Amino acid sequence: MPKKNSKKRFEVGEKESIDQCLDRMKKEGYMPIRRAEEPIFREETRNGEKVMEPVGKTIVFHAVKQ
């Protein structure tokens, strides 16, 4: 019998508030267990070298099924 996936990641959308994301999680039956801020990088070429430059961040919630 296959095990059901009880963990899921929820990313706060670009035009979404944290509260809206938490409400969306609750509607799907998940409860947040961890909040993480992950950087967003852009790759640029300077003087022939590839450089990763941070351009923003995104908020991700790790959640478990209730």
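Here, the structure is the one placed above.
The model shown is predicted, which means the values in this text are computed figures rather than measured ones.

**Q** I keep staring at the nonpolar core and nothing clicks. Help me out?
**A** Most often, soluble globular proteins keep nonpolar side chains buried together rather than apart. Formed by Phe10, Val12, Cys21, Met25, Tyr30, Ile59, Phe61 and Ala63, the largest nonpolar core amounts to eight residues. Among the elements of the structure, helix 1 (18-27) and strand 3 (49-65) are those that each provide at least two residues to this core. If you tally residues by element for this core, the top one is strand 3, at three residues.

**Q** Just checking my understanding: could you explain the side chain of threonine 58 for this structure?
**A** One can find threonine 58 in strand 3. Discounting chain neighbours no more than four positions away, the residues touching threonine 58 are Glu11, Val12, Ala36, Glu37, Glu38 and Ile40.

**Q** When you look at the sheet that holds strand 3 in this model, what are you seeing that I'm missing?
**A** Paired through their backbone hydrogen bonds, the strands of a sheet run either parallel or antiparallel. Pairing in this open sheet of three strands is antiparallel, and the strands run 1-3-2 from one edge to the other. Looking at the sheet topology across the chains shown, the edges are occupied by strand 1 (7-11) and strand 2 (30-46). Direction aside, neighbouring strands of the sheet carry axes that sit 30° apart on average.

**Q** I keep staring at the packing of aromatic side chains and nothing clicks. Help me out?
**A** Centre-to-centre distance and the angle between the planes together describe a pair of aromatic rings. Tallied over the entire structure, the rule returns one aromatic pair. Between phenylalanine 10 and tyrosine 30 the ring centres are 5.5 Å apart and the planes differ by 65°, which places this aromatic pair in the edge-to-face class. Of this pair, phenylalanine 10 sits in strand 1 while tyrosine 30 sits in strand 2, and the two are 20 residues apart along the sequence.

What counts, and where the lines are drawn
Position numbers for residues count from 1 along each chain, tracking the sequence in the order it is written. Predicted model: local features are reported for residues with pLDDT of at least 70 only, side-chain atom pairs are reported and counted for 80 or more only, and whole-chain, interface and lining totals are derived from all residues. Based on all heavy atoms of the structure, the side-chain values leave hydrogens and waters out of the count. Only buried residues count toward a nonpolar core, which is a set of Ala, Val, Leu, Ile, Met, Phe, Trp, Tyr and Cys residues joined through side-chain atoms within 4.5 Å. Burial status follows relative accessibility: with a 1.4 Å probe on protein chains alone, a residue under 20% of its type maximum counts as buried, one over 50% as exposed, and anything between as partly exposed. Strands are runs of DSSP state E lasting at least 2 residues, helices are runs of H or I lasting at least 4, and numbering of each runs from the N terminus. Note on contacts: a residue pair is in contact if any heavy atoms of the two residues lie within 4.5 Å. Two strands qualify as a pair provided that DSSP identifies no fewer than 2 bridges between them. Lines fitted to C-alpha atoms define the axes here, with helix axes fitted over just the stretch in contact, and angles between the N-to-C directions of these axes take values from 0 to 180 degrees. By convention, a stacked pair of Phe, Tyr or Trp rings (six-membered ring in the case of Trp) has centres within 6.5 Å and planes under 30 degrees apart, an edge-to-face pair has planes over 60 apart, and any other such pair is tilted.

None of the figures reported here should be taken as evidence of function without further support.
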